[in-house]
There are 2 protein chains.
Amino acid sequence: MSSELPDKKRISESTIHRLSMYFRTLSLLQKEGYETVSSKELAKREKLTPAQVRKDLSFFGSFGTRGLGYDVVELKAKIGEILGIDRHWKVAVIGIGNIGSALVSYKEFSRQGFHIEKLFDNDQRKIGSNHKGIVVSDIKNLEKEIAEDGIEMVIITVPATVAQYMVDDVVRAGVKAILNFAPINLKVPSHVYLRNENMSMELEYLSFAIVNNHTPKNMK
Amino acid sequence: MSSELPDKKRISESTIHRLSMYFRTLSLLQKEGYETVSSKELAKREKLTPAQVRKDLSFFGSFGTRGLGYDVVELKAKIGEILGIDRHWKVAVIGIGNIGSALVSYKEFSRQGFHIEKLFDNDQRKIGSNHKGIVVSDIKNLEKEIAEDGIEMVIITVPATVAQYMVDDVVRAGVKAILNFAPINLKVPSHVYLRNENMSMELEYLSFAIVNNHTPKNMK
DNA sequence: TTATTCATGTGAAATGCTTCACAAGAAATT
DNA sequence: AATTTCTTGTGAAGCATTTCACATGAATAA
Ligand SMILES: NC(=O)c1ccc[n+]([C@@H]2O[C@H](COP(=O)([O-])OP(=O)(O)OC[C@H]3O[C@@H](n4cnc5c(N)ncnc54)[C@H](O)[C@@H]3O)[C@@H](O)[C@H]2O)c1
Ligand SMILES: NC(=O)c1ccc[n+]([C@@H]2O[C@H](COP(=O)([O-])OP(=O)(O)OC[C@H]3O[C@@H](n4cnc5c(N)ncnc54)[C@H](O)[C@@H]3O)[C@@H](O)[C@H]2O)c1
C-alpha cells in the first residue's frame, strides 16, 4: 500500500509465476521450521539461479537482510500481498460437470483466498443440487446473481460451444477475471483478464519433447 | 522423418505452445471450409503477429506458398507430425479421485493421440471398478503393469504427499514423460520429461493482474 | 572493536525471443 | 508475356529476460 510498485505494468508473466512458486515453497519452509532462507536455497528448490530469485523480488522492493537472507514468514506475507492473495476473492464456477465439480471439491483454493461461492449449470438434474454446501443455480440467472453477489472471478468449465455466451454474460455482470478450461479462443474486453488452462497443450509439449529429444534450458 | 529438424534442441517452449494453438485453429479452419490460410489470418485468430507465425514454422521447414499462404490440411498434418501427435501414445492415470476421473472421461485426449489405457489407485473401493471401460488397477502393481503394457506417459493425480513415490515407481518402469497435477516439486532423472499443471498459479496470476492493474504485452 | 564471512540488491553484459523489412517467388490480371 | 498483387521465408534490428559480478551492508567471531 504505502510503497508503490516501481513500473508494475512491466512485470513479466514469468516473474509472477515464479512468485507463486516462491510462495508455495516458503509455506513448506515454514512448516519445516526454517526462520530464514537465502536466495541460494530458494533457487535450489525451484531449479533457478539465485540471481533470478533476487531480481524477481527486487522489482517489488528490498525484503532481505544482507549476510542473512530473507525472513520466511515475512517474505511469504509480502509475496502474498503482491499476488493479492491476502484477501477474499469471490469465485463462481460455470458448468458443474466432470472438471467443474472436481474444482469445487478442491479445498486448497480457499486456503489461497479463492472462495467458490456460486455454481451454475443448465442441466435440470443439477440445478438445485448441493455440492460441498453450495446449491447449483440455474444458468438463466447467471448475470443477475453474479452481479448481486459481487463475484469478481469466474471459472468456465462448460463445453467450448457455449463458453463465449457465458463470458459475454459474466462480463456484463462486472466480472474482472476469467479462468477458462474450454479449448477455444475467447473474446473479452480489454478491462477483463483472461487465462486459459489447456491440458492438451501440456501433453502435446511432452509428446514433442519425447519425439524430438528436446532439451530446453527451462523445462518449467 | 526424412528432413531433419534444424537445431531442434533450441526450440523455445513458447514456440511449441504456439504450434499447439495453430493445430487447434487449423482444425477449426478445416471445419469452416477453408482450403488455405495466410500467416496474417492465423495470427489474427491467435492475437499474434504474422511474423511470429512464420518464424515459428520456419524452424521446422517451409510449408507455405508465396502469394497464397498455407494449405490448411497439409499444415495441420505437418504440425501434428512435429508435435508427435500423429501417433498412438499409451497413457496411464494414477489416482482416480476428483481430477483423475474427470480426465479419464475426457474424450478429446484420445482424438489427439493420447490414449488412457491404465488407471491406478490404492483405495479398495476403487480398485476393480470400471471407468469408461477401464478397470482400476491396484497401485501395488504399478511398476509391473506400466512396464508390461509399455506405457510411455503418466498423469499424476494423487495427493502431493505420495506423488514422489509414484514418480519413482513409474520412472523405474520406463515411463518417458509425466504430467503432474500435485502441487509439489517432483524429482525426475534427466531423461524423463516432467510438466506441472498448476491451477492455483493461474488464479494467482489473475489475482495479481486485478490488484496491480497489470497490462503485459502478452497475456497468453 | 575489528576482521571475517556471508548474502543482498543492482547496473551491465549476455542471452533469448519477437518484430521488422524486404528479396524472392507464386498466382492472378491485363 | 508482362505486370501487378500477394504472401512467404529470413537475416538483422529491436526488445525482453536472465545471468554475471561486485559494491554494500549486516551478522558473527575473534
Ligand atoms: N474433463 C476434462 O478432463 C477436461 C480436460 C480439459 C478440458 N476440458 C474442458 O472443460 C470443459 C468441461 O469439460 P467436462 O469434461 O467437465 O464436461 P462435462 O460435459 O462433464 O461438463 C460440462 C457441464 O456444463 C454444463 N453445461 C452445458 N451447457 C451449458 C450451458 N449452456 N449453460 C450452463 N451449463 C452448461 C453441463 O450440464 C455440464 O454439467 C469442456 O470445455 C472441456 O473441453 C475438460
Ligand atoms: N481437484 C482439483 O480441482 C485439483 C486442482 C488442482 C490440483 N489438484 C491436485 O490433484 C491431486 C488430486 O486431487 P483430487 O482432488 O482428485 O484428490 P482426491 O483425493 O479426490 O483423489 C486422489 C486419489 O488418489 C488416490 N490415492 C491416494 N493415495 C494413493 C496412493 N498411495 N496410491 C494410489 N492412489 C492413491 C485416492 O484414493 C484418490 O482416489 C492432488 O495432488 C491435488 O492437490 C486437484
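Each remark here, short or long, concerns the structure printed above.
Residues numbered from 1 in each chain as written. Chains lettered and ligands numbered in written order. Predicted model: local features only at pLDDT ≥ 70, side-chain atom pairs only at ≥ 80, totals over all residues. Heavy atoms only, no water.

Draft legend 1. Spatial organisation of the site of ligand 2. Near ligand 2 there are 23 residues, and of these Tyr106 of chain A together with Ile99, Asp121, Lys126 and Val158 of chain B occur at the shortest range. More than one chain lines the surroundings of ligand 2; the residues nearby belong to chains A and B. In the model, an oxygen atom of ligand 2 is placed 3.4 Å from a nitrogen or oxygen of the Gly97 of chain B main chain. Within the contact set of ligand 2, a nitrogen atom lies 3.3 Å away from a backbone nitrogen or oxygen of Asn122 of chain B. In isolation ligand 2 offers 820 Å² of accessible surface; the protein chains occlude 83% of this area. Per-element tally for the shell around ligand 2: the top contributor is helix H8 (residues 160-172) of chain B, with three residues. Of the residues contributing to the shell around ligand 2, the split by class is 15 nonpolar, five polar and three charged. (Near = heavy atom within 4 Å. Polar contact = N/O pair within 3.5 Å; in protein donor to acceptor, adjacent residues only side chain to side chain. Areas by Shrake-Rupley, 256 points an atom, 1.4 Å probe, with all protein chains shown as cover. Helix = DSSP H or I, 4+ residues; strand = E, 2+ residues; numbered from the N terminus. Nonpolar A, V, L, I, M, F, W, Y, C, P; charged D, E, K, R; others polar.)

Draft legend 2. Expanded view of the relation of the copies chain A and chain B. You can overlay chain A on chain B at an RMSD of 0.0 Å; the transform is a turn of 180° with a shift of 0.0 Å along its axis. In the structure described here, the two chain copies are related by an operation that fits a two-fold rotation axis. An overlap of 100% is found between the interface residues of chain A and their copies at the interface of chain B, pointing to a shared contact surface. (Least-squares fit on C-alpha atoms with pLDDT ≥ 70 in both. Contact = heavy atoms within 4.5 Å.)

Draft legend 3. The side chain of Ser200 of chain B, seen in detail. As for its position among the elements, Ser200 of chain B is in helix H9 (residues 199-212). Residue class for Ser200 of chain B comes out buried when judged on its relative accessible area of 7%. Ser200 of chain B has contacts with Phe109 and Gln112 of chain A, leaving out every residue within four places of it along the chain. (Buried < 20%, exposed > 50% of the residue type's maximum accessible area, 1.4 Å probe, protein only.)

Draft legend 4. Here's a closer look at the interface of chain A and chain B. On the chain B side, the residues contacting the 69 residues of chain A number 69 residues. Among the residues chain A hides against chain B, the three largest losses belong to Tyr193, Leu203 and Glu204 of chain A. Together they make up 11% of the total. Put simply, chain A and chain B have two salt bridges between them. Of the charged contacts in the structure, one is a salt bridge between Arg195 of chain B and Glu202 of chain A, with a shortest N-O distance of 2.6 Å. If you look at where chain A meets chain B, you find 30 residue pairs in polar contact (both at pLDDT 80 or more). (Buried area = accessible area lost by both parts, 1.4 Å probe. Salt bridge = Lys/Arg side-chain N within 4 Å of Asp/Glu carboxyl O.)

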